[in-house]
Amino acid sequence: MSIFALALGCGTKNRNDQWLEVFYPDPALNPDSKLLEVIREELGYQGGNAAIELTHRQVQHIAREWRDAGFEHEASYAVAFQESDRPVVCTVLETDAEPASTPEAYLKLHLISHRLVKPHGVNLSGMFPLLPNVAWTNEGAVDLEELPERQLLARLNGTVLEVNSVDKFPKMTDYVVPRGVRIADTSRVRLGAYVGEGTTIMHEGFINFNAGTEGPGMIEGRISAGVFVGKGSDIGGGASTMGTLSGGGNIIISLGEGCLLGANAGTGIPLGDRCTIEAGLYITAGSKVQLLDDKGEIVDTVKARDLAGKSDLLFRRNTTNGAVQCLTNKSAIALNEELHSHN
């Protein structure tokens, strides 16, 4: 029997025994069937997607069986969980179905941040109600209803409970630190971000969940939810990308390889390779764009959505009349013919 994903994790619950968050140190995509056999035998797993909370005895048995089967790496994590008093969960995803529990949602976010799948590579439909809004503190996740008491207890003990954020999503680096990246302000990268090797995220750079970079690249602006940035592309200071959810739209925004969004620029259309949007210019799908030929003459006016996904484009604003213009490395006339072809 093959399954989509499998992971052991530990996490935090509130007083009502509800999960607030789950940490999976070593999630497996398409894991070895022998790993699953142990889960089936020890936990009585019968199939389907499930998040099974484990007793310490069950964790001990799983660790022993995995080690005996030659899975020393996986067994080592099970041993670590065995020695903790935190609640432990085994989450099995037989299929990439819509998540049905908080542990399932967290596993899918981990799969992205561990670079096991890319943005849009897992089904995150219906995830938001499964992620409780919690206080992320220097002592971990705290239920908002329990926060005042925790703050008081900290003060009475001569300390301060620091609340870093109140959100559904934690910062990625509290769960995953990918190899080969630089992140100047870790609070600006959410769990569920895909940060490719060679990516540098400066202090004002931001990457949302289900979004990210192929790497290498320099990110000084905003990568919104659902947006993926190709190899060698840079996002300048204050620049932004329109998220898939923005305005209720369903267009998936992406940048190809070797693109540049200038400072305070932005895009609401997907870009092909080697595209540039000059500083201060925000392109939306409905923007009227003048196409220029090699001599700088206007040959047509189209909506920006007609240029979506095309490569070697330079978007600029005419400094005299404010018109948005597009130049291309190939003739604009040839591009115009391509746009109006019915083949």
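Nothing here was measured: the structure is a model prediction, and the numbers come from that model.

**Concerning the sheet that holds strand S16 (residues 228-229)**
Now for step 1: Strand order in the open sheet formed by 4 strands is S10-S13-S16-S19, with parallel pairing between adjacent strands. Since the sheet does not close on itself, it has two edges, and those belong to strand S10 (193-195) and strand S19 (254-255), each with one partner.

**A few points about the domain arrangement of the protein chain**
Many descriptions give the size of an interface as the accessible area lost when the pieces come together.
Now for step 1: Domain boundaries assigned for the protein chain yield domain 1 (5-128), domain 2 (135-167) and domain 3 (174-341).
Now for step 2: Between domain 1 and domain 3, the C-alpha centre-to-centre distance is 36 Å.
Now for step 3: Taken together, the contact pairs 17 residues of domain 1 with 22 residues of domain 3.
Now for step 4: Between domain 1 and domain 3, roughly 1,600 Å² of surface is buried when both sides are summed, and carbon and sulfur atoms account for 64% of that area.
Now for step 5: On the domain 1 side of the contact with domain 3, Ser113, Arg115 and His120 bury the most area, a combined 41% of that side's loss.
Now for step 6: On inspection of domain 1 and its partner domain 3, the count reaches 1 salt bridge.
Now for step 7: Salt-bridge contacts for Glu214 lead to Lys118; the nearest nitrogen and oxygen are separated by 2.8 Å.

**Remarks on the UniProt feature "active site" (unreviewed entry) in the protein chain**
Now for step 1: Here, UniProt's "active site" (unreviewed entry) annotation points to Glu220.
Now for step 2: Residue position: Glu220 is located in the loop between strand S14 (217-219) and strand S15 (222-223).
Now for step 3: In contact with Glu220, not counting residues within four places along its chain, are Met202, Glu204, Gly205, Ile235, Gly236, Gly237 and Gly238.

**Overview of the packing of helix H1 (residues 33-43) against helix H2 (residues 56-68)**
Now for step 1: The N-to-C vectors of H1 and H2 enclose an angle of 145°; their axes lie 10 Å apart at closest approach. Along this stretch, H1 crosses H2, giving a crossing that reads as right-handed. Across the interface between the two elements, Leu35, Val38, Ile39, Glu42 and Leu43 of H1 pack against Gln58, His61, Ile62, Glu65 and Trp66 of H2.
Now for step 2: Among the residues forming the contact of H1 with H2, the class breakdown is 6 nonpolar, 2 polar and 2 charged.

**Quick word on empty space enclosed by the protein**
Now for step 1: A full pass over the atoms with the stated rule returns 1 cavity of 30 Å³ or more.
Now for step 2: Looking at the largest cavity, its volume works out to about 130 Å³.
Now for step 3: Lining the largest cavity we find Leu6, Ala7, Leu8, Pro25, Asp26, Ala28, Leu35, Trp66, Glu74, Tyr77, Ala78 and Phe81.
Now for step 4: Of all elements in the fold, only strand S1 (5-13) and helix H3 (72-82) reach the threshold of two or more residues within the lining of the largest cavity.
Now for step 5: With 4 residues, the single largest contributor to the lining of the largest cavity is H3.
Now for step 6: Looking at the lining of the largest cavity residue by residue, the classes come out as 10 nonpolar, no polar and 2 charged.

**Here we look at a nonpolar patch on the surface**
Now for step 1: Together, Leu144, Val163 and Val166 line one region of the surface with nonpolar side chains, adding up to about 210 Å² of accessible area.
Now for step 2: Mapped onto the secondary structure, Val163 falls in strand S8 (residues 163-167).
Now for step 3: The partly exposed category is assigned to Val163, whose relative accessible area is 35%.

**What to know about the UniProt feature "binding site: Mg(2+)" (unreviewed entry) in the protein chain**
Now for step 1: Listed under "binding site: Mg(2+)" (unreviewed entry) in the UniProt record, and renumbered for this structure, are Glu204.
Now for step 2: Structurally, Glu204 can be placed in the loop between strand S11 (199-201) and strand S12 (206-207).
Now for step 3: You can call Glu204 exposed: its relative accessible area is 54%.
Now for step 4: Filtering out sequence-adjacent residues up to four positions away, Glu204 remains in contact with Arg188, Glu220 and Gly221.

**So, the nonpolar core**
Now for step 1: Counting residues in hydrophobic clusters, the biggest one holds 68 residues, and the most contacted among them are Leu271 and Phe315.
Now for step 2: Viewed by domain, this core spans two of them, domain 1 (5-128) and domain 3 (174-341), each represented by three or more residues.
Now for step 3: Once you skip the residues sitting within four places of it in the chain, Phe315 turns out to touch Ile269, Leu271, Thr276, Ile277, Glu278, Leu281, Ile283, Val289, Leu307, Gln325 and Cys326.

About the criteria used
Residues numbered from 1 in each chain as written. Predicted model: local features only at pLDDT ≥ 70, side-chain atom pairs only at ≥ 80, totals over all residues. Heavy atoms only, no water. Pairing = 2+ DSSP bridges. Helix = DSSP H or I, 4+ residues; strand = E, 2+ residues; numbered from the N terminus. Domains from an automatic or database assignment. Contact = heavy atoms within 4.5 Å. Buried area = accessible area lost by both parts, 1.4 Å probe. Salt bridge = Lys/Arg side-chain N within 4 Å of Asp/Glu carboxyl O. UniProt positions renumbered as here; feature names shortened; annotations may be inferred. Axes fitted to C-alpha atoms, helices over the stretch in contact; angles between N-to-C directions. Left-handed = near helix turned anticlockwise from the far one by under 90°. Nonpolar A, V, L, I, M, F, W, Y, C, P; charged D, E, K, R; others polar. 1 Å grid on protein atoms, 1.4 Å probe; cavity = no way out; pocket = protein on both sides within 12 Å on 5 of 7 lines; lining within 4 Å. Points joined across faces, edges and corners; volume = space filled by probe spheres on them. Patch = residues over 30% accessible without salt bridge, like charges linked within 9 Å, V, L, I, M, F, W, Y side chains within 5 Å. Areas by Shrake-Rupley, 256 points an atom, 1.4 Å probe, with all protein chains shown as cover. Buried < 20%, exposed > 50% of the residue type's maximum accessible area, 1.4 Å probe, protein only. Core = buried A, V, L, I, M, F, W, Y, C linked by side-chain atoms within 4.5 Å.

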